[in-house]
Amino acid sequence: VPGGGGRRLTPQAPVGAIDFGGTKTSLAVVDAGGGVLRQVVLPTPPRPSPAEVAALFRAAWTDLTAGLPGHLLPRTAGLAAPGPADAAAGVLRRAFDWGWRDVPLAALAAGATGVSVRLENDVNCCALAEMRFGAAAGHPDFAWVQFSTGVGGAVVAGGRLLRGASGLAGEIGHVVLDEGGPPCPCGRRGCVEALCSGPAVARRHAQVGGRGDAAAAFRGAAAGDPRAAALVAAVCRDVGRALAIVGNLLDPGLIVLGGGVTASLRHHLPAIGAEMRSRLLAAPLRSLELRPTALGADAALLGAAALALDAPEPQER
Ligand SMILES: [Zn+2]
């Protein structure tokens, strides 16, 4: 570089990424641009113990790294886990489906892989991935809302995750939209999740005589079935109402939508956006932009990679 004073930019080495999910666990070697160089996917055992998870990580990491040339061997990894996490301590505070409390998951994963591991909640990881590689690149302020088996959310403010006191900031799923609405897995009624998750959409579709999953309801609407079309319109209004709460509370400028249901919702962004904007209170808020995920089902995995890419380089020994 002319006049560059001899400083050389060295490309950042690849890192490990672990997306530890309820049904499957993905491990990958990911480069600094978010490219997946190698990936291993294994089923997560039902209601696993921490010791079973350590064994799973050890076996999968061995598969992942077998035969990799030295310059591709990860020296750090990030871990996305399904529950609120104390990221600084590397502790998964809860995994609700498994009855876990305060499991030192980062240390467990480090022991299994032999590299340093940073832990974060999987929904927060999705937001980190969109910020670094995806739909929120260049946006220091945005919210991530995902519609899948459940409904979750995360907030990035000033380029940093807003974690909250217990790691649950941004969780829009159990905000109540309709006190008399359908029952929610959390025990209340009419939560966003009870109206807009994949199972909730399927249930609402069944109530009007439809069959199949949420995607089937959206396909029915697209094919001209009037009952499915009315249902999808109602779902889009509910999604827009939920996003308006996020917009009014946080003024995020951008909301990125993810999760499996977003594959269907993305075709309805004008209707969702119109409902949302009609409920945004102050005129400047109405420039709030909606975008679908750019990373799809890989968001949590790539967010785990982002955690590791942001970590300080381990010292040579
Ligand atoms: Zn709920």
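Everything below is about the structure shown above.
Scope of this entry: the structure provided in the associated data block. (Residues numbered from 1 in each chain as written. Predicted model: local features only at pLDDT ≥ 70, side-chain atom pairs only at ≥ 80, totals over all residues. Heavy atoms only, no water.)

Observations regarding the overall build of the protein
Move 1: The number of helices and strands found in the protein is 10 helices and 13 strands.
Move 2: Against the compact-globule benchmark of 20 Å for 317 residues, the protein has a radius of gyration of 21 Å, which places it among compact chains.
Move 3: Taking all 317 residues of the protein together, the buried fraction comes to 49%.
Move 4: A separation threshold of at least 6 residues defines the contact pool for the protein, and within that pool the share at least 24 residues apart is 60%.
Move 5: Carbon and sulfur atoms provide 54% of the accessible area of the protein, an area that totals close to 14,700 Å².
Move 6: Taking the 29 positively charged and 25 negatively charged side chains of the protein as two groups, their mean positions are separated by 1 Å. (Helix = DSSP H or I, 4+ residues; strand = E, 2+ residues; numbered from the N terminus. Rg over C-alpha atoms; globule rule 2.2 N^0.38 Å. Buried < 20%, exposed > 50% of the residue type's maximum accessible area, 1.4 Å probe, protein only. Contact = heavy atoms within 4.5 Å. Areas by Shrake-Rupley, 256 points an atom, 1.4 Å probe, with all protein chains shown as cover. Lys, Arg positive; Asp, Glu negative; His and termini not counted. Charge placed at Lys NZ, Arg CZ, Asp CG, Glu CD.)

Points about the sheet that holds strand β2 (residues 24–30)
Note: strands within a sheet are paired through backbone hydrogen bonds, in either parallel or antiparallel orientation.
Move 1: If you trace the five strands from one edge of the open sheet to the other, you get β3-β2-β1-β4-β8, paired in mixed fashion. Here the strands that pair on one side only, and so sit at the sheet edges, are β3 (36–43) and β8 (116–121). The sheet shows a mean angle of 15° between the axes of neighbouring strands, direction not considered.
Move 2: Contacts from helix α2 (residues 105–113) reach β1 (15–20), β4 (76–81) and β8, with the element oriented near 140° to β8.
Move 3: Sitting on the sheet, helix α10 (residues 299–310) touches β1, β2, β3, β4 and β8, and the angle it makes with β1 is about 140°. (Pairing = 2+ DSSP bridges. Axes fitted to C-alpha atoms, helices over the stretch in contact; angles between N-to-C directions.)

Some points on the nonpolar core
Move 1: Among the nonpolar cores identified, the biggest contains 35 residues, and Val-145, Phe-147, Leu-243 and Ile-255 are the most heavily contacted of them.
Move 2: Taken together, the elements giving at least two residues each to this core come down to β9 (142–147), α4 (192–196), α6 (214–222), α7 (226–250), β12 (254–258) and α9 (269–279).
Move 3: It is α7 that contributes the most residues to this core, 10 residues altogether.
Move 4: Excluding its chain neighbours within four sequence positions, the residues that come into contact with Leu-243 are Val-145, Ile-255, Leu-257, Ile-272, Met-276 and Leu-290.
Move 5: Grouped together as the second largest cluster of nonpolar side chains are 32 residues, Ala-17, Ala-129, Leu-295 and Leu-302 included. (Core = buried A, V, L, I, M, F, W, Y, C linked by side-chain atoms within 4.5 Å.)

Here we look at the packing of aromatic side chains
Move 1: Per the stated rule, a full pass over the model turns up four aromatic pairs.
Move 2: Where Phe-20 meets Phe-57, the ring centres are 5.4 Å apart and the plane angle is 85°; that geometry is what we call edge-to-face. Taken together, the residues Phe-20 in strand β1 and Phe-57 in helix α1 (residues 50–65) connect sequence positions 37 residues apart. The exposure classification of Phe-20 matches that of Phe-57, with both residues buried.
Move 3: For the pair Phe-20 and Trp-100, a centre-to-centre distance of 6.1 Å together with 40° between the ring planes defines the contact as tilted. In this pair, Phe-20 sits in strand β1 while Trp-100 sits in strand β7 (residues 100–103), placing the two residues 80 residues apart along the sequence.
Move 4: With a relative accessible area of 5%, Trp-100 lands in the buried category.
Move 5: Three or more aromatic residues joined by ring pairs make a cluster, and in this case those are Phe-20, Phe-57, Trp-98 and Trp-100. (Phe/Tyr/Trp six-rings, centres within 6.5 Å; stacked < 30°, edge-to-face > 60°.)

Description of the coordination of the zinc ion
Move 1: Those donors, His-174 (ND1), Cys-184 (SG), Cys-186 (SG) and Cys-191 (SG), are the protein atoms that reach the zinc ion, and they lie 2.0 to 2.3 Å from it.
Move 2: Around the zinc ion, the four donor atoms are arranged such that angles at the metal cover 103 to 122°; this shape is classified as tetrahedral.
Move 3: Between consecutive donors of the zinc ion, the numbers of intervening residues give the motif H-x9-C-x1-C-x4-C. Taken together, the positions of His-174 in the loop between β11 (160–161) and α4 and Cys-191 in the loop between β11 and α4 put the pair 17 residues apart, joining distant regions of the chain.
Move 4: According to the relative accessible area criterion, His-174 is partly exposed, its value standing at 33%. (Donors = N, O, S within 2.8 Å, 3.2 Å for Na, K, Ca; no water. Tetrahedral: all angles 85-135°; square planar, octahedral: opposite > 155°, others 65-115°.)

Considerations on the sheet that holds strand β6 (residues 91–95)
Move 1: In space, the three strands of this open sheet follow the order β5-β6-β7, with antiparallel pairing throughout. In this open sheet, the two strands that pair with only one neighbour each are β5 (85–86) and β7.
Move 2: Pairing of β5 with β6 involves two bridges; the strand directions are antiparallel. Residue Ala-85 lies in a different strand from β6, and its bridge partner there is Leu-92.

Topic: the pairing of strand β10 (residues 151–157)
Move 1: Counting buried residues in β10 gives six out of seven residues, a clear majority hidden from the surface.
Move 2: As defined by bridge partners, β9 adjoins β10 across six bridges and the pair is classed as antiparallel. Bridge assignment links Ala-143 to a residue of β10, and that residue is Val-155.
Move 3: Connecting the antiparallel pair β9 and β10 is a turn made up of three residues.
Move 4: The pairing of β10 with β11 spans two bridges and is classified as antiparallel. Within the sheet, the bridge partner assigned to Val-156 lies in β11 and is Leu-161.
Move 5: Taken together, β10 and the strand that follows it, β11, pair antiparallel across an intervening segment of two residues, in which Gly-158 is found at a positive phi of about 60°.

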